[in-house]
Amino acid sequence: LSSQSKDGEYIARFIRRFGYGAVRGSSSRGGVGALVEMIRLARKGLPMGFSVDGPKGPRHVAKSGAVMLAKKSGLPILPFAIRPKSFWTVSTWDKLVIPKPFTTAVVSVMPPIEVSADSDEDEQQAKLAELQSALERLSPG
């Protein structure tokens, strides 16, 4: 998932160069259509991924999109973090990290989070809290 912003276009182009697809939308613009498209593609067996803190933050605070996608697609949420050893930090609200060429990176993964298709609002909020907790354990500071 890549936002419909100019920055999102750069990210989508970068992702496509590596042979992946990009669905364009975010919680603030085109989100419902993007979520519907992601559900359709996930049901075809394609893996999905996106940053859970949304296009405007707050930084490192998960939004409900991942929980909704898991509920509607039947796929679990797999919380993970990638930390490059050497990187530049962009002066943006999310402090975007750009790995330096030829650096190594550590990938950390938490156990999958299952969301049942018949989950109610309370269960979905509990799953969102579980996701947030997992992400906080993955991201120091």
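Residues numbered from 1 in each chain as written. Predicted model: local features only at pLDDT ≥ 70, side-chain atom pairs only at ≥ 80, totals over all residues. Heavy atoms only, no water.

1. Topic: the overall build of the protein chain
Along its length, the protein chain carries four helices and four strands. For the protein chain, the succession of helices and strands along the chain, N to C, is α-α-α-β-β-β-β-α. At 15 Å, the protein chain has a C-alpha radius of gyration in line with the 14 Å of a compact globule built from 141 residues. Its C-alpha atoms give the protein chain principal-axis dimensions of about 45 × 30 × 25 Å. Buried positions account for 28% of the 141 residues belonging to the protein chain. Expressed as a percentage of contacts within the protein chain between residues at least 6 apart in sequence, the contacts between residues at least 24 apart total 52%. Split by element, the accessible area of the protein chain, about 9,300 Å² in all, is 60% carbon and sulfur. For the protein chain, the separation between the mean place of its 20 positive charges and that of its 13 negative charges on side chains is 11 Å. (Helix = DSSP H or I, 4+ residues; strand = E, 2+ residues; numbered from the N terminus. Rg over C-alpha atoms; globule rule 2.2 N^0.38 Å. Buried < 20%, exposed > 50% of the residue type's maximum accessible area, 1.4 Å probe, protein only. Contact = heavy atoms within 4.5 Å. Areas by Shrake-Rupley, 256 points an atom, 1.4 Å probe, with all protein chains shown as cover. Lys, Arg positive; Asp, Glu negative; His and termini not counted. Charge placed at Lys NZ, Arg CZ, Asp CG, Glu CD.)

2. Quick word on the packing of helix H2 (residues 31–43) against helix H3 (residues 65–73)
Helix packing for two helices is described by the angle between their axes and how far apart those axes are. Where H2 meets H3, the closest approach of the two axes is 9 Å, and the angle between their N-to-C directions is 45 degrees. By the angle class used here, H2 and H3 are oblique. For the pair H2 and H3, the sense of crossing is right-handed. In this structure, H2 contributes Leu35, Met38, Ile39, Ala42 and Arg43 to the contact, and H3 contributes Gly65, Met68, Leu69, Lys72 and Ser73. Classifying every residue of the contact of H2 with H3 by side-chain character gives six nonpolar, two polar and two charged. (Axes fitted to C-alpha atoms, helices over the stretch in contact; angles between N-to-C directions. Parallel < 35°, antiparallel > 145°, perpendicular 65-115°, else oblique. Left-handed = near helix turned anticlockwise from the far one by under 90°. Nonpolar A, V, L, I, M, F, W, Y, C, P; charged D, E, K, R; others polar.)

3. Quick notes on the packing of H3 against helix H4 (residues 121–138)
Contact geometry of H3 with H4 gives a least axis separation of 9 Å together with a crossing angle of 120 degrees. In terms of orientation, H3 and H4 fall into the oblique class. The two elements H3 and H4 meet at a crossing, and its hand is right-handed. For the pair H3 and H4, contact is made by Ala66, Val67, Met68 and Lys71 and by Gln124, Lys127, Leu128 and Leu131, respectively. Along the lines of polarity and charge, the residues of the contact of H3 with H4 split into five nonpolar, one polar and two charged.

In short, the description is geometric, and any link to function would need to be established separately.
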